[in-house]
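# Structural characterization, general
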Amino acid sequence: MKANMKTYDNALTTVFVLVYNEQRQLLVIRRARDPGYGLLGLPGGYQMRGETWQEAGAREVLEETGCLIDPTQVSLTFFRTDRFYNNLVVCQYNRHAQIDHPHDSEALDVWFTCSAGTCDQWAHPDLHAAAKEFLNQK
């Protein structure tokens, strides 16, 4: 790295994970925080400095749902940068999962479902689209 180059730790990356069970039902949460309090979402959150996006996704899934997943089994579904230059990573866990541990207070409820519902039920339209596409791949 050049001596005069600056590094900044302000690029926000959020990672959301498509997790499913043996019946190929999708793991969803009901958000306990704004934005989108009470609306549906995929488990996920901010990637922290010093962790890969796969590790961030696995950590957020465990915290929000109580579901332990292996970050080496997470693959990229899509990546985009929004108009505010925030990065959105949506990825998929490539094995069956189950809820094994208690979840934190970021989710009002956690369950597996076979329906993505309607976009207005979700906190983020991109997450609804990812859930809908995943569930339609049967």
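Before reading further, recall that the structure is shown in the block above.
Read on for a plain summary of the structure.

Conventions and cut-offs
- Residues numbered from 1 in each chain as written.
- Predicted model: local features only at pLDDT ≥ 70, side-chain atom pairs only at ≥ 80, totals over all residues.
- Heavy atoms only, no water.
- 1 Å grid on protein atoms, 1.4 Å probe; cavity = no way out; pocket = protein on both sides within 12 Å on 5 of 7 lines; lining within 4 Å.
- Points joined across faces, edges and corners; volume = space filled by probe spheres on them.
- Helix = DSSP H or I, 4+ residues; strand = E, 2+ residues; numbered from the N terminus.
- Phe/Tyr/Trp six-rings, centres within 6.5 Å; stacked < 30°, edge-to-face > 60°.
- Buried < 20%, exposed > 50% of the residue type's maximum accessible area, 1.4 Å probe, protein only.
- Lys NZ or Arg CZ within 6 Å of the ring centre and 35° of its normal.
- Core = buried A, V, L, I, M, F, W, Y, C linked by side-chain atoms within 4.5 Å.
- Contact = heavy atoms within 4.5 Å.

By rolling a water-sized probe across the atoms, one finds the places where empty space is left. Counted as a void, the largest pocket has a volume near 680 Å³. Forming the walls of the largest pocket are 26 residues, and the residues nearest its centre are Thr14, Phe16, Arg31, Pro35 and Tyr46. Mapped onto the lining of the largest pocket, the elements with two or more residues apiece are strand S1 (13-20), strand S2 (26-31), strand S4 (44-46), helix H1 (53-65), strand S5 (74-81) and strand S6 (87-96).

As enumerated under the stated definition, the model contains 1 aromatic pair in all. With centroids separated by 5.5 Å and ring planes inclined at 35 degrees, the aromatic side chains of Tyr20 and Phe134 adopt a geometry described as tilted. In this pair, Tyr20 is assigned in strand S1 and Phe134 in helix H2 (residues 125-135), connecting sequence segments 114 residues apart. We note that Tyr20, like Phe134, is buried. The residue whose ring lies beneath Arg24 is Tyr20, and the NZ or CZ to ring-centre distance is 5.2 Å.

For the rest of this paragraph, the subject is the nonpolar core. Buried together is how nonpolar side chains tend to be arranged in soluble globular proteins. Counting 18 residues, the largest nonpolar core has Val17, Val19, Cys67, Ile69 and Tyr93 as the members making the most contacts within it. Where this core is concerned, the elements lending two or more residues are S1, S2, H1, S6 and strand S7 (107-113). Once you skip the residues sitting within four places of it in the chain, Val19 turns out to touch Gln25, Leu26, Leu27, Val61, Cys67, Tyr93, Ala97 and Phe112. With 16 residues, the next largest nonpolar core counts Val28, Trp122, Leu127 and Leu135 among its residues.

Omega for the peptide link from Asp34 to Pro35 comes to 0 degrees, which places this bond in the cis form. Residue placement: Pro35 occurs in the loop between S2 and strand S3 (40-41). Positive phi, close to 60 degrees, is recorded for Arg24, a residue that is not glycine. Here Arg24 is to be found in the loop between S1 and S2. We classify Arg24 as partly exposed; its relative accessible area is 23%.

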